[in-house]
Amino acid sequence: MLYLRPSQMSDEPDHRARDIRVDDWSLLYAELAKKVRSPLLRKFYSVGLPSAETPIGEVPLLAMDFETTGMDAEQGDIVSIGVVPMTLARIYNRNSCHWIVRPRSRLHDDSVVIHGITHSDIAGSPDLTYYLEPLLELMAGRVIVAHYRIMERNFLYHALLRRIGEGIRFPIIDTMTLEASVNRFSFWQRLRGRKPGSLRLADARKRYHLPFYHPHHAHTDALACAELLQAQIATHFSQQTPLGDLWR
């Protein structure tokens, strides 16, 4: 993981998707708003973000999940997007969105088996560009919540890089990382043959007695992730936990 201060940024465009942790994403957004060429991204960054010291209970959030053509963000593309606005107090499922989009890369058969989105489904769907403005409007000012942040961060970065010539950077509260941090196994536990619990979304939800949802549907997985975060914070953290302790 790369740690980056806003002052370390270059004026040159960076075509690498990187898992960045910064001192304060709100400061980085202010710098990016001055440097990006795309009017859409400039508008997105200009909205800003809460500071790292903000209590998580006061932070507007957006749970997000993608289904994709494969696992490689540089070679693959997004085929569906699910987003669910939320706070720790409430999930706004009525305002959620689910979009199927036509990828600019080959849809592999093994991916179709996983998420069930077929070639005929994407044939009549628009390119991601069609939904880009409403997606960025939903993301603006909110901190993203996802389970395994690498997928959402890398795939959206490269999807925008192909379409508008610039990638996007945004902080994520990763429910998989949080779950790993609160379920660490000691050396003695491992020596006794105990195995750490699965970090898969469905298995993590079981530990909080949350209901089972059928996986690999972008909207359902985003909703499942939103509920998991609420349970994790209620169990292991608090409404006063600083945002900077949670985002990556």
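Analysis parameters
- Residues numbered from 1 in each chain as written.
- Predicted model: local features only at pLDDT ≥ 70, side-chain atom pairs only at ≥ 80, totals over all residues.
- Heavy atoms only, no water.
- Helix = DSSP H or I, 4+ residues; strand = E, 2+ residues; numbered from the N terminus.
- Buried < 20%, exposed > 50% of the residue type's maximum accessible area, 1.4 Å probe, protein only.
- Contact = heavy atoms within 4.5 Å.
- Areas by Shrake-Rupley, 256 points an atom, 1.4 Å probe, with all protein chains shown as cover.
- Core = buried A, V, L, I, M, F, W, Y, C linked by side-chain atoms within 4.5 Å.
- Pairing = 2+ DSSP bridges.
- Axes fitted to C-alpha atoms, helices over the stretch in contact; angles between N-to-C directions.
- Salt bridge = Lys/Arg side-chain N within 4 Å of Asp/Glu carboxyl O.
- pLDDT = per-residue confidence, 0-100.
- Polar contact = N/O pair within 3.5 Å; in protein donor to acceptor, adjacent residues only side chain to side chain.
- Parallel < 35°, antiparallel > 145°, perpendicular 65-115°, else oblique.
- Left-handed = near helix turned anticlockwise from the far one by under 90°.
- Nonpolar A, V, L, I, M, F, W, Y, C, P; charged D, E, K, R; others polar.

### Notes on the overall build of the protein
Within the protein one finds ten helices and seven strands. The burial tally for the protein puts 51% of its 248 residues in the buried class. Within the protein, residue pairs in contact and separated by at least 24 positions form 69% of the contacts whose partners lie at least 6 positions apart. Roughly 12,400 Å² of accessible area belongs to the protein as shown, and the carbon and sulfur atoms make up 51% of that amount.

### Here's the deal with the nonpolar core
Within the largest apolar cluster, 59 residues are counted, with the highest numbers of intra-cluster contacts made by Met139, Ile168 and Ile173. Excluding its chain neighbours within four sequence positions, the residues that come into contact with Ile173 are Ile56, Leu61, Val143, Ile144, Val145, Ala146, Leu178, Leu229, Leu243, Leu246 and Trp247. Counting six residues, the second largest nonpolar core, distinct from the first, contains Leu201, Ala204, Ala224 and Leu228.

### Thoughts on the sheet that holds strand 5 (residues 97–100)
Overall, mixed pairing links the five strands, which are arranged 5-4-3-6-7 in an open sheet. This sheet does not close on itself; its edge strands, each paired only once, are strand 5 and strand 7 (172–174). Across the sheet, the mean angle separating the axes of adjacent strands is 25° when strand polarity is ignored. Relative to strand 6 (residues 143–146), strand 3 (residues 61–68) is paired through three bridges, and the arrangement is parallel. In the sheet register, Leu61 faces strand 6, and the bridge partner there is Val143. Across the sheet, helix 6 (residues 149–164) lies against strand 3, strand 4 (78–86), strand 6 and strand 7, angled at about 75° from strand 3, the strand it touches most. On top of the sheet, helix 7 (residues 175–182) reaches strand 6 and strand 7; it is set at about 45° to strand 7, its chief contact.

### Quick look at the pattern of salt bridges
In the structure shown here, the tally under the stated rule is nine salt bridges. Notably, a salt bridge pairs Lys206 with Asp203, separated by 3.9 Å at the nearest N-O pair. With Lys206 and Asp203 both in helix 9 (residues 201–206), this residue pair falls three residues apart, about one helical turn. One connected set of salt bridges, linked through shared partners, spans Asp77, Arg104, Asp127, Arg162 and Arg163.

### Brief notes about the confidence of the model for the protein
Segments scoring low in pLDDT should not have their predicted coordinates read at a detailed level. When pLDDT is averaged along the protein, the result is 89, and 87% of the positions lie at 70 or above. Low pLDDT, under 50, characterises residues 1–15; the stretch is placed with 33 contacts to residues that sit more than four places away or in other chains.

### Here we look at the side chain of Asp127
Within the fold, Asp127 resides in the loop between helix 4 (119–123) and helix 5 (129–139). Since its relative accessible area comes to 14%, Asp127 is described here as buried. Polar side-chain contacts of Asp127 include one of 2.9 Å to the side chain of Arg163. Residues contacting Asp127, with those up to four places away along its chain left out, are Val101, Arg102, Arg104 and Arg163.

### Notes on the packing of helix 1 (residues 25–35) against helix 2 (residues 39–47)
Running from amino to carboxyl end, helix 1 crosses helix 2 at an angle of 155°, the nearest separation of the two axes being 8 Å. Regarding the angle of helix 1 to helix 2, the classification is roughly antiparallel. For the element pair helix 1 and helix 2, the recorded crossing hand is left-handed. Residues Tyr29, Leu32 and Ala33 of helix 1 pack against Arg42, Phe44, Tyr45 and Ser46 of helix 2. Of the residues belonging to the contact of helix 1 with helix 2, the class tally is five nonpolar, one polar and one charged.

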